[in-house]
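What the coordinates show
What follows is each chain in one-letter form.
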Amino acid sequence: FKLGLAKEITDKLTLGIGLNSGIFWGADTDWDLSANLGFVYTWGDLAFIKDFRYGASILNLGKNFGKTTIVGIKGADKGAATLPMLATVKAGAAGTLVSNDIIKLGASFDLTLPAFMNVIADLGLQFSVKDMLFISVAEKINIAELACGVKNVMPSVGLSFRFTFDVKNNEYLQKNGWSQSEMSASVAWKQFDKTVNAVSAGVDVNLGLK
C-alpha cells in the first residue's frame, strides 16, 4: 500500500511525503512501514533546455523487509539485511529539449544511491505529437548487477494516447465542471531476458480540464 501527498510551497518549489507499507508471507512472514521525503524545483529555461527542473528524495525511512532472501546473487543466499535499502538517496533532473506547436522532445536523468553501496542510473526520453500521442523510452543501468554479470541493455518502451471527451445531460458533472474531461490510455513493455517480458497497461481519467 502506497500513499503520497505533495504541496506547492511556491510557484517553483513543491514538497512531498510518501508512505509505504506491505506484508510478505511465505517461508517467513515480514512487514514494512516506511516514509519517503522529497522536493522538486522548477528552474525554468536553462540555456537551450526549456522547463528545466530538478529534485531529490530520501526513501525507505523506517522499518523495511528484513527476512527476504535474494536468489541467484553471490553472497546473498543467507538473506539480505534489509529490502529496500534504508535511507536510499535519489536525485534527478529533467527538461524539454525541443518544443513547438506540433512536437515536443523531453529527457530525464536520475541517480539512485542505495545505502551508498550501489549506483543506479535511469535515463529517459519522451516524444509527443500535439500533446496527444506520447512515446517514451527508458533505460536503467545498475552497477551492482553489471558487476555480477547481469547485463540487460533492452530499454523499456511506452505508448500513450490522450484525448478529451464530453458528458452531456448530467447535472452533477456539469455542476462540478466535469462535463469535459481528459482520458489517457497507455501501454508499456520491457524485455528482461530471453524468457521474461513485462507488459503493463493503464487508463488515467482526469475529471475536468485545467
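These figures come from a predicted structure and were not determined experimentally.

**Describing the pairing of strand β1 (residues 2-8)**
Here β1 lies mainly on the outside; 0 of its 7 residues are buried. Looking at chain direction, β1 and strand β2 (residues 13-24) are connected through 7 bridges and run antiparallel. Looking across to β2, one finds that L5 is bridged to I17.

**Here's the deal with the environment of G124**
The topology assignment puts G124 in strand β7 (residues 120-129). Taking the C-alpha atoms as reference points, G124 and S136, separated by 12 residues in sequence, lie 7.2 Å from one another. Beyond its immediate sequence surroundings of up to four residues, G124 is in contact with G106, A107, S108, V137 and A138.

**Section: unusual backbone geometry**
Of all residues except glycine, most have a negative phi; of all peptide bonds, most are trans. Even without being a glycine, D51 presents a positive backbone phi close to 55 degrees. Along the chain, D51 turns up in strand β4 (residues 49-63). With phi around 60 degrees, N60 is a residue other than glycine that occupies positive phi space. By secondary structure assignment, the location of N60 is in strand β4.

**Brief notes about the side chain of T88**
Within the element layout of this structure, T88 appears in strand β5 (residues 88-99). Note on T88: relative accessible area 6%, which makes it buried. There is a polar contact of 2.9 Å between the side chain of T88 and the backbone oxygen of M85. Apart from the residues lying within four places of it in its own chain, the contact partners of T88 are S57, I58, L59, N60, T112, L113, P114 and A115.

**Focus: the packing of aromatic side chains**
Two descriptors summarise a pair of aromatic rings, namely the distance from one centre to the other and the angle between the planes of the rings. Enumeration over the complete set of coordinates arrives at 4 aromatic pairs. Each ring, one from F39 and one from Y54, has its centre 6.3 Å from the other, and the planes form 90 degrees; the classification is edge-to-face. In this pair, F39 sits in strand β3 (residues 30-46) while Y54 sits in strand β4, placing the two residues 15 residues apart along the sequence. You can call F39 partly exposed: its relative accessible area is 30%. Residue classification places Y54 among the partly exposed residues on the basis of a relative accessible area of 32%. Ring geometry for Y41 versus Y54: centroids 5.6 Å apart, planes at 40 degrees, classification tilted.

**A word on the side chain of N36**
Mapped onto the fold, N36 is located in strand β3. For N36, a relative accessible area of 17% puts it in the buried group. A polar side-chain atom of N36 sits 3.4 Å from a polar atom in the side chain of N20. Those residues in contact with N36 that sit more than four places away from it in its chain are G16, I17, G18, N20, I58, L59 and N60.

**Things to note about the pattern of salt bridges**
In the structure shown here, the tally under the stated rule is 4 salt bridges. In this structure, D51 engages R53 in a salt bridge whose closest nitrogen and oxygen atoms are separated by 3.1 Å. What makes R53 partly exposed here is its relative accessible area of 30%. D131 is the salt-bridge partner of K104, the closest N and O atoms lying 3.6 Å from each other. Highlighted residues: K104 in strand β6 (residues 103-113) and D131 in the loop between β7 and β8 (133-142), separated in sequence by 27 residues. Accessibility expressed as a relative area gives 32% for K104, which makes it partly exposed.

About the cut-offs
- Residues numbered from 1 in each chain as written.
- Predicted model: local features only at pLDDT ≥ 70, side-chain atom pairs only at ≥ 80, totals over all residues.
- Heavy atoms only, no water.
- Buried < 20%, exposed > 50% of the residue type's maximum accessible area, 1.4 Å probe, protein only.
- Helix = DSSP H or I, 4+ residues; strand = E, 2+ residues; numbered from the N terminus.
- Pairing = 2+ DSSP bridges.
- Contact = heavy atoms within 4.5 Å.
- Polar contact = N/O pair within 3.5 Å; in protein donor to acceptor, adjacent residues only side chain to side chain.
- Phe/Tyr/Trp six-rings, centres within 6.5 Å; stacked < 30°, edge-to-face > 60°.
- Salt bridge = Lys/Arg side-chain N within 4 Å of Asp/Glu carboxyl O.

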